[in-house]
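Summary of the model geometry
What follows is each chain in one-letter form.
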Amino acid sequence: MADTATATAVDHHDDHGHSESFWSKYIFSTDHKIIGFQYLFTGMAMGLIGGFFSYVFRMHLAFPGSEVPFFGIVSPAAYNSLVTNHGTIMIFWVAMPVLIAALGNFLIPLMIGCDDMVFPRINRLSYQIFLISAIVLIASFFVPQGGFGGAWTAYPPLSSEAEYNGTPFGAPMWLIAVTLEIVAFLLGGINFITTVMNARAKGMKLYDIPMVVWMIVIASILFMASVGPLVAGAVMLLFDQTLGTGFFDPAAGGDPVLWQHLFWFFGHPEVYVVLLPAMGVVIEIICTFARKKLFGYKMILYSSVGLGILSFFVWAHHQFISGVDPRATYLFTTTTLLISIPVALMLFAMIGTLWGGSIRFTTAMLFALSFIAEFLIGGVTGIWLGSSGTDIYLHDTYFVLAHFHYTFVPIAIIGTFSALYYWFPKMFGRKLNEFWGKIHFWGTIIPFNGIFLPLFILGAAGQHRRIAGYTAYPDLYTENFQDLRVFATGSLIVLILFQIPFFVNFIVSLKRGQKAGPNPWNANTLEWVAPSPPPHGNFGDDLPQVYRGPYEFSVEGREEDYWPQNEPDPGPSETSK
Amino acid sequence: MGHKIIATGRSATGIPTGRLAVWWVIASEIVIFGGLIATYLLNRFLHGSWAESAAYTNTFIGGANTFWLLTSSYFVVLAHSAAEKRDAKTARKYLWYTIGLGGMFMGFKSYEYATEISHGFTLFTSNFWSFYYTATGLHGFHVLCGMVIMAIIAENDIKKERNWHRVENIGLYWHFVDIVWIFLFPLLYIAK
């Protein structure tokens with residue numbers, strides 16, 4: 001494939017010179033930090049679109065039939081398109097670019113102590129493909145009949161037949177956009193893995209790598225290993241949609257469940273692809289603000305590897321009612337329940353790190369702690385869905401939706417915010433305002449629970465998540481369910497309003513925030529050695545050398561409660577680790 | 001001007017970064033083709049009609065194409081060993097031999113497609129044929145890309161006696177494309 005051409009073409013000489021025109025500095029830059037920002041801001045912009053979609057369909061669900069401000073009447077077709085693209089955007093164009101690509105690009109070279117990615121130009125190409133994919137997706141909202149309306153899982157025949165999904169142009173564009181996005185992340189992932197394998201600072205052994213870097217690398221490997229069948233499936237689905245082949249059409253001898261296998265073989269590891277970087281972020285922040293060494297570094301690492309391997313054997317728990325063999329459901333129930341063990345181990349390790357620490361409740365730390373609490377709710381409710389018996393009842397209800405959002409919101413929203421509050425000083429040289437940060441925190445966490453706790457009740461009562469309006473089903477429509485829907489929608493609007501302080505804080509702090517030195521949080525990892533914000537080339541002429549692990553906090557016999565990785569040992573007697 | 005990126009020159013694993021990346025490209029491609037081949041096997045076991053359709057594929061052309069590809073892999077190894085010895089002339093010669101055999105493959109493939117289509121076996125005839133064109137088409141696309149990249153390396157790098165390591169990298173990729181064919185050939189042509 002064309003990847004190889006670039007892969008082999010780049011490993012030499014990259015003179016990303018010091019010409020300072022706006023275009024070469026910010027648009028066509030090969031600097032990993034700028035590319036990270038490009039991903040970050042594109043992801044945030046896409047997040048606004050995805051958030052707006054959720055506002056529109058939640059308003060419609062709360063007040064069916066009435067006009068939604070800033071949108072208008074939501075037709076069933078528009079509802080389908082909105083929920084489909086809300087899901088797609090939030091996973092492929094928000095969670096992945098922000099958590100993996102933005103953080104990975106910004107942090108990896110800094111944290112492993114080198115000046116850039118090993119393939120800067122592939123990195124730039126990766127973002128450009130990603131940007132094109134985002135543009136294709138946005139363009140698909142404006143073609144006749146609108147954006148794809150076959151749900152983000154794109155099950156055939158709903159996704160393959162235009163007469164069912166009602167979006168003859170939106171559907172293939174959606175598929176092309178997703179495929180391009182996958183290509184972008186494959187390129188980015190190859191870069192991340194190769195960079196961490198080869199470009200680590202002198203002295204940085206495998207167990208000296210900060211956890212967030214490990215997590216992004218493991219996530220990239222998981223993504224790479226799981227996405228292939230989906231690419232193959234996407235090619236077949238695209239042929240079904242546009243050329244009229246019958247890969248997934250039973251009338252032509254095809255099999256619609258095959259798509260579900262191909263999709264979920266990717267779809268379930270994908271959960272861990274975004275979970276792991278968020279876990280890594282939380283681990284970094286908890287260690288720094290508990291002033292304590294990470295509890296069980298190797299255990300967390302091995303757990304995440306085990307988690308990654310297990311995640312390839314759970315996919316059919318999404319298909320318990322799709323006609324899979326009941327004997328297979330035993331198998332997949334077992335593996336699904338097993339997979340909660342490594343996740344629980346990791347959460348316990350985080351709590352163990354907090355134990356006896358001297359905890360600082362900065363905004364970043366608050367977000368990190370709430371990640372543990374909220375993700376736990378998501379994880380525990382997953383047990384009902386992983387067990388085939390209960391899942392047959394709960395499948396495709398709001399219970400699934402609430403469970404899913406209790407995992408993904410902590411990952412994509414809470415994890416991202418904690419990362420931003422933590423690394424903002426490194427990114428832009430100034431701190432975000434803590435007071436407004438805390439208001440933003442409480443204004444995010446409380447309404448978030450307000451949205452999704454009622455939806456658990458709706459789901460347990462059997463309300464189906466893809467019904468555009470229950471008023472059309474008088475038998476199922478009850479007033480108190482409607483009250484819960486209104487409450488959830490109200491909470492969503494509160495949550496959206498509380499993002500305004502964040503954006504104002506973000507923009508104001510860029511110019512007027514409190515100036516941060518290189519190491520405002522007294523943390524150990526190498527990114528805090530570089531100036532804030534790091535210049536081109538990150539560390540100047542001498543790149544740091546590593547002498548110890550990343551989490552040597554509160555080491556006895558030391559005056560300071562932190563011990564940067566690059567600080568040489570004072571004497572031969574005091575070797576650590 | 002132009003400062004060299006230090007990261008690119010580092011090699012904590014001992015494997016050059018370029019080669020390492022090619023291995024990861026191959027890893028990601030294995031799962032793409034793996035997904036396709038798994039789909040094929042699933043259908044082949046479930047539907048007896050697939051075996052009947054497979055009887056119409058042209059084993060002779062498939063065999064000839066296997067021969068071209070395997071031979072080309074031999075030449076790319078020769079090109080690599082010449083590149084190791086910094087012998088630009090020989091390396092370029094063998095790279096072009098490889099491209100030529102890739103061209104033979106593509107030519108036979110085109111002839112094969114043309115006869116099949118003219119006999120009524122199109123992308124839409126049945127799911128077997130849909131799969132056949134998708135899998136061999138995707139593979140053929142990889143062959144074509146490999147040929148283009150190899151031509152660029154031969155003319156842009158080896159001729160100018162630089163970036164010798166790229167011969168090995170493209171060789172790895174070429175072997176991978178070869179191996180994919182080694183899976184497709186028995187599945188689509190031999191197993192009737």
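Remember, predicted model here, so these are calculated numbers, not experimental data.

Turning to the overall build of chain B, a few remarks are in order. When helices and strands are tallied, chain B shows seven helices and zero strands. Its C-alpha atoms give chain B principal-axis dimensions of roughly 60 × 35 × 25 Å. For chain B, restricting intrachain contacts to residue pairs at least 6 apart in sequence, the fraction spanning at least 24 positions comes to 78%. Working note: accessible area of chain B is about 8,300 Å², and carbon and sulfur atoms make up 69% of it. Looking at chain B, you have 15 positive and 11 negative side-chain charges, and the mean spots of the two groups are 8 Å apart.

As a further point, take the pattern of salt bridges. Residues and elements named next belong to chain A. Under the criterion given, the structure shown has 18 salt bridges over all chains. Note that R327 and D325 form a salt bridge whose closest N and O atoms lie 2.6 Å from each other. One salt bridge connects D396 with R465, and the closest N-O pair in it is separated by 3.2 Å. A residue pair is termed long-range when its members are at least 10 positions apart, and D396 in the loop between α13 (388-394) and α14 (398-428) and R465 in the loop between α15 (434-460) and α16 (479-497) qualify at 69 residues. Taking relative accessible area as the criterion, D396 reaches 18% and is therefore assigned buried. Through salt bridges that share partners, R291, R360 and D561 make up one connected network.

A few words now on the environment of M236 of chain A. Mapped onto the elements, M236 of chain A comes out in helix α8 (residues 211-242). Residue classification places M236 of chain A among the buried positions, given a relative accessible area of 0%. Remark: the alpha-carbon pair of M236 of chain A and F371 of chain A, spanning 135 residues in sequence, is separated by 38 Å. Apart from residues lying up to four places away in sequence, M236 of chain A is in contact with T245, F247, F248 and L262 of chain A together with L36 and T39 of chain B.

Another aspect to go through is the UniProt feature "transmembrane region" (unreviewed entry) in chain B. Within this structure's numbering, the places UniProt gives as "transmembrane region" (unreviewed entry) are residues 21-42, 62-82, 94-111, 131-152 and 172-191 of chain B. Secondary structure content for residues 172-191 of chain B is 95% helix and 0% strand, and the end C-alpha separation is 28 Å.

Cut-off values and rules
- Numbering of residues begins from 1 in every chain and follows the order in which that chain's sequence is written.
- All chains are assigned letters beginning with A, and all ligands numbers beginning with 1, in the order in which they are written.
- In keeping with the model being predicted, local features are shown solely for residues with a pLDDT of at least 70 and side-chain atom pairs are shown and tallied solely at 80 or more, while totals for entire chains, interfaces and linings include all residues.
- Excluding hydrogens and water, the side-chain figures rest on all heavy atoms present in the structure.
- To qualify as a helix, a DSSP run of H or I must reach at least 4 residues; to qualify as a strand, a run of E must reach at least 2; elements of each kind are numbered from the N terminus.
- Contact definition: two residues touch when any of their heavy atoms are within 4.5 Å.
- Where accessible areas are quoted, they stem from the Shrake-Rupley method and a 1.4 Å probe; at the residue level, only the protein chains shown are allowed to cover.
- Residues counted as positive are Lys and Arg, residues counted as negative are Asp and Glu, and His and the chain ends are not counted.
- A charge is said to be at NZ when it belongs to Lys, at CZ for Arg, at CG for Asp and at CD for Glu.
- Only one rule defines a salt bridge in this text: a Lys or Arg side-chain nitrogen within 4 Å of an Asp or Glu carboxyl oxygen.
- For the exposure calls, accessible area comes from a 1.4 Å probe over protein chains only, and a residue counts as buried if that area is under 20% of its type's maximum, exposed if over 50%, partly exposed in between.
- UniProt positions are given in the numbering used here, feature names are shortened, and annotations may be inferred rather than shown by experiment.

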